[in-house]
4 protein chains.
Amino acid sequence: MDAQPTQTPERAAYYDKIAPGNLAPLWENLKALVTPEPVSPCQPFRWRYAEVREHLMEAGRLITAKEAERRVLMLENPGLRGQASVTHSLYAGLQLILPGEVAPAHRHTQSALRFVIEGDGAYTAVDGEKTLMREGDFVITPNWTWHDHGNDSDRPMVWLDGLDIPLVRLLDASFAETWPEDRQPLSRPVGDSPARFGEGLLPIDWRPDAKTSPVFNYPYERSRAALEKLRETRDWDPCHGLKLRYINPASGDWAMPTIGTCLQLLPKGFTSAPYQSTDGTVYTAVEGAGRVTIGNETFDFGAKDVFVVPSWHRLQFDVDEDTVLFSYSDRPVQEKLDLWRERRGNA
Amino acid sequence: MDAQPTQTPERAAYYDKIAPGNLAPLWENLKALVTPEPVSPCQPFRWRYAEVREHLMEAGRLITAKEAERRVLMLENPGLRGQASVTHSLYAGLQLILPGEVAPAHRHTQSALRFVIEGDGAYTAVDGEKTLMREGDFVITPNWTWHDHGNDSDRPMVWLDGLDIPLVRLLDASFAETWPEDRQPLSRPVGDSPARFGEGLLPIDWRPDAKTSPVFNYPYERSRAALEKLRETRDWDPCHGLKLRYINPASGDWAMPTIGTCLQLLPKGFTSAPYQSTDGTVYTAVEGAGRVTIGNETFDFGAKDVFVVPSWHRLQFDVDEDTVLFSYSDRPVQEKLDLWRERRGNA
Amino acid sequence: MDAQPTQTPERAAYYDKIAPGNLAPLWENLKALVTPEPVSPCQPFRWRYAEVREHLMEAGRLITAKEAERRVLMLENPGLRGQASVTHSLYAGLQLILPGEVAPAHRHTQSALRFVIEGDGAYTAVDGEKTLMREGDFVITPNWTWHDHGNDSDRPMVWLDGLDIPLVRLLDASFAETWPEDRQPLSRPVGDSPARFGEGLLPIDWRPDAKTSPVFNYPYERSRAALEKLRETRDWDPCHGLKLRYINPASGDWAMPTIGTCLQLLPKGFTSAPYQSTDGTVYTAVEGAGRVTIGNETFDFGAKDVFVVPSWHRLQFDVDEDTVLFSYSDRPVQEKLDLWRERRGNA
Amino acid sequence: MDAQPTQTPERAAYYDKIAPGNLAPLWENLKALVTPEPVSPCQPFRWRYAEVREHLMEAGRLITAKEAERRVLMLENPGLRGQASVTHSLYAGLQLILPGEVAPAHRHTQSALRFVIEGDGAYTAVDGEKTLMREGDFVITPNWTWHDHGNDSDRPMVWLDGLDIPLVRLLDASFAETWPEDRQPLSRPVGDSPARFGEGLLPIDWRPDAKTSPVFNYPYERSRAALEKLRETRDWDPCHGLKLRYINPASGDWAMPTIGTCLQLLPKGFTSAPYQSTDGTVYTAVEGAGRVTIGNETFDFGAKDVFVVPSWHRLQFDVDEDTVLFSYSDRPVQEKLDLWRERRGNA
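Treat the numbers as computed from the prediction; the structure is a model and nothing was measured. (Residues numbered from 1 in each chain as written. Chains lettered and ligands numbered in written order. Predicted model: local features only at pLDDT ≥ 70, side-chain atom pairs only at ≥ 80, totals over all residues. Heavy atoms only, no water.)

> Please provide a residue-by-residue account of the sheet that holds strand β3 (residues 72-75) of chain C, values included.
With antiparallel pairing, the seven strands of this open sheet are ordered in space as β14(C)-β9(C)-β6(C)-β11(C)-β4(C)-β3(C)-β1(D). Every interior strand has two partners, whereas the edge strands, β14 (217-218) of chain C together with β1 (23-25) of chain D, have only one. Relative to β14 of chain C, strand β9 (residues 138-141) of chain C is paired through two bridges, and the arrangement is antiparallel. The partner of F138 of chain C across the bridge, within β14 of chain C, is Y218 of chain C. (Pairing = 2+ DSSP bridges. Helix = DSSP H or I, 4+ residues; strand = E, 2+ residues; numbered from the N terminus.)

Right under this line is the structure:
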């Protein structure tokens, strides 16, 4: 896979001749298609929350949640402008819901995660059940479930949306429907799913009919306490600090089939060993501050900032305070397809 | 998801203002991103083998297999020119190996299938083991296995290549290496894998280390005989006739993690009921002749022709002779991700 | 399978002749071996805790936990005396640990569950980690893990032991070892496993090496609160009331591979519909009181009593108060082997 | 687990006092229940086929297949007489069907395997489909499937029956029914299942509803050829020679959920390294002759002889000719329950 074939006039003429038949020579493209290492169009980038927040608040004045259906500023990767992509396969956005607003009920085959950046007391309803959202909560609206959001608090609510839009687009598998009213009817009390599925037990005769976790809210209070407990062992991974992945307790698999989500703790003063993996990843800091080096670029970041690490870019953290990072990527997809790889250190 | 938000000068100015920060309004794009039904850029198309073969033979004169590394004419979807894609997520090509030629050894994370269209006696070697190829054989070169092809017969050999190139591209997960010599060394006799893994038994202490089937050649003789046996029950599926999927006997799953492959028999005079599914599919006829209606277009086809059915396009067959079709799609991916859907009949 | 073969002198002589060769006629035994419905040697029985407790306390005076290794009164099924069996495949016992005592560290291939009946503050240590035990807690000492118990409180501690001793005996798969000292060394803090595995997350690089849940204490406080939350939906199963099974969050399977464990709530005044299943089951009431009819026998029961329901015996509850039942059986084994059946109502 | 507790008159009196309450002291039994290594009641034994055959033929004169329902001589382990057990958990018998006879249709939850010892042309029908049986064929009658056997040839037919009778007995899970007539009606042609499920393909919309392989006949011709092909690599396992396990191609798991079946080749002159495993195993030689040492006993054996290796007994082969062994055990059960162990060599 080294040398390109020679270009000759005869060959060029041949390529022109076959083109109308929807034919093209692989040999002119093989090196670009099958690369020795990932060559991603994505670029590293960091969005400062303070700046995006200002724009979001202006959006709050320009359009209602209802008219927008979803009042979201997409975080577009600089290498993929116009494609609604933050990594090659995934989407990110920051969604604002003002007090009293509703983002109307719909459903779609795209899976969505919400990670709460700011605010307390808005809700997401999923297939007849509401959950209340607080900072740091990880909430799922699974593939093809009815969902609407509302803000009954007196403060703006902002969360990070992560969806598999580019992946579903490549698979040509988008379906969507709107509910006739803004809010779907509720059939179960708040807290039903966490009790039913999230306490180490499952209903005796329940069988999952989907791969997404039936626990659709993972409260930060619980996840953060788990990290805090585990730091007692001081068993820090050189690349990850202390890193947990959210799971579907009905299978032990990732909480979502298309998007892998993690929460990790880097202790004050920690400098991580270099790390590469094939899953382009979006991060947001819940707590803390520091610097992240992605490939050849270094960004400083603080709480609520968002940054993206493209596939196979060398990643290194260096933090000044105890730092908690939420992240998401397409790792579950790559694992299911035998494609995921990582490299630790400088090997 | 009905009305688009109103366009106003104020909003337009706002969009311009936020664009440099790699931000964009979701609400201007939501309808295009999350569609009520799949809206594929792919178009239906049929390649007549007789025409492509002529071009292939000319390619045989213009470039050697060795210089080309792989002398393949890509079958590009008319809706996706320049993207090495036959469906949105998959690739197709027709590869020619002339007598005495070798396509040199390499490996890559892209998975490949070969379905033999013409010829008898060329070989594929995979990780130290050769298999001989005949018309109708389905051969796999799994993800990251060394493979080379050669033709020791006295006739040209042509096969259909199916790869997951666009999918691996979206996932930014391409790795590739070349072997220092044209042919890799062989460590096991011809026929070892079929005996070891393909006769209803597995070695007592063997554990699979990959999701792809260890049986890397599924000979047509066996597959065709299975179809012929099953026709005795006359248990025709209205949409599919008699349709079997190739499996990995170590898991019962599809033979390949990223590409689903099937062989089906439509009996003489059969008209199928309409069928739609979300997995855009490539077909080639091994035997027989007839017409296929894909969406609003009807194509006639005969043996060795190739055609592509984009996602969610209405598909209907009408055959004049006993017809055997080989097909491949990304259905295993969609199933793993809870995205696959089908619709039967006019419902 | 209706008539037995005729007995004749000639046949009797033949049976005598072949017996020394370790041969016997199936046809004289077939009806007894392959029965139309389960014919269990087990009988229904109820142990009143008040009575057993008195015996246990006497045992506390007769032998130390250390000399006994485990000071346990086995609950033997009246139909299986001398076989250490409470159902045909499982074992039950009530274990007493007095203040200051230790049950020394050992490990064995038999899996064990502990369900705390009385007391607060004893501990179980499993592979280097202690857990504190309270009434209603369900604690696992998985297959081949080092475990010891101790009571640092000032009250006697009693729990129900459930093991798969008869099953492991049939499989001839018993291994056991003792630790050189009474207490194993501790390597992780109290609470590590629940945080690591039981909060909806798993360590990013952890892979289970066993089928038993890594969460080895399921505190009653959490399980009971889940039941209480779910009663809000008033969605009572006619046979089970509200019944949850303890799971392994790393797989979604039962918490233990050989023993299935459940917690269920029957609301005050509930009369259950008749129910039969092939898994002989041991119950203990954590709260409440009522009557249980097992086959043709009715027993009254109160908190801490234990009763056993043999395979395929008709089971019916009738409770006077809100009643919480813990139960265990070999259902996971039967499910894995395609043997488990249930029948609801009088069908 | 070393010293037994001291026996005292006071303790003895206590044991007597608690016995009527179905209570017994664990501490008097612990060492016997939880043993350091498996202590099986099974003993090694070899049945010479020539001797059993003579008895079988006499049985053929004493009782018809129809009156017997199944004319089988049970091979009872000398250590488990009267229990219909060849190992602790499994059953073995030799079944005779004379020309023109039928063993009438019934079904039961016990799973059965048939391994053909002698004869050619008898059939087994399973849920509406017949299969013809030849020497060395491995045939399954899965759990709860209707099955009858008949002999339309002109020679006696003898096969080895392997069932999970003792295991199903321990689980109290036996169900059985008889079909109103001797032969069940046939709904599919001979050869349907092998074509449908056994050629590396599965019907596109078929989903298994049971754990047993849908391929219910594994012909010796195919299995033996696989072994012969694999000997080319000369890759002999020191303990096993060349050993394959029969699988369910729909899952890659063992062909039956309760009984593991294998076929292995020991080349002429081969002496195996010592081997122990926890699954008591029944062997029969299809071809060849040699000696087998089981624990401290050595038996010579030839084709068609049957012998049993109890759990954890040291096993060693020494063969004079190319020897092919069929074997079965409860290994799939032990694996599912995390109980299976092996030890290689003298370690």
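> So, helix α3 (residues 49-62) of chain B: which residues are in play, and what are the values?
Across its 14 residues, α3 of chain B extends 19 Å between first and last C-alpha, which sits within 8% of the 20 Å expected from 1.5 Å per residue. Every buried residue belonging to α3 of chain B is among Y49, V52, H55, L56, M57, A59, G60 and L62 of chain B, and all of these are buried. (Expected span 1.5 Å × (residues − 1). Buried < 20%, exposed > 50% of the residue type's maximum accessible area, 1.4 Å probe, protein only.)

> So what's going on with the sheet that holds strand β5 (residues 102-108) of chain D? Which residues, and what values?
Residue and element names in this part refer to chain D. Read from one edge to the other, the open sheet built from five strands follows the order β8-β7-β10-β5-β12, with strand pairing classed as antiparallel. In this open sheet, the two strands that pair with only one neighbour each are β8 (129-134) and β12 (176-178). This sheet shows a mean twist of 25° between the axes of neighbouring strands, independent of strand direction. (Axes fitted to C-alpha atoms, helices over the stretch in contact; angles between N-to-C directions.)

> Kindly report on the interface of chain B and chain D, identifying the contributing residues and their values.
Residue-level contacts link 40 residues of chain B with 40 residues of chain D. Taken over both partners, the interface formed by chain B and chain D buries close to 3400 Å², and the fraction arising from carbon and sulfur atoms is 59%. Where chain B meets chain D, there are four salt bridges. Linking R344 of chain D and D205 of chain B is a salt bridge whose minimum nitrogen-to-oxygen distance equals 3.4 Å. Taken together, the connections running from chain B to chain D amount to 12 residue pairs in polar contact (both at pLDDT 80 or more). Contributions of two or more residues to the side of chain B that touches chain D are made by α6 (192-197), β13 (201-203), α7 (220-230), β15 (242-246) and β24 (342-344) of chain B. Among the elements that take part in the side of chain B that touches chain D, α7 of chain B stands out by supplying five residues, more than any other. Grouping the constituent residues of the side of chain B that touches chain D by class yields 17 nonpolar, nine polar and 14 charged. Relative to strand β13 (residues 201-203) of chain D, β15 of chain B is paired through three bridges, and the arrangement is antiparallel. Across the sheet, residue Y246 of chain B finds its bridge partner in β13 of chain D, namely L201 of chain D. (Contact = heavy atoms within 4.5 Å. Buried area = accessible area lost by both parts, 1.4 Å probe. Salt bridge = Lys/Arg side-chain N within 4 Å of Asp/Glu carboxyl O. Polar contact = N/O pair within 3.5 Å; in protein donor to acceptor, adjacent residues only side chain to side chain. Nonpolar A, V, L, I, M, F, W, Y, C, P; charged D, E, K, R; others polar.)

> Report on the pairing of strand β22 (residues 315-319) of chain D, specifying residues and quantitative values.
All names here are of chain D. On β22, burial follows the alternation: L315, F317 and V319 on one face are buried, whereas Q316 and D318 on the facing-out side are not. As paired elements, strand β19 (residues 289-294) and β22 share five bridges and run antiparallel to each other. The residue bridging T293 from the neighbouring strand is Q316, located in β22.

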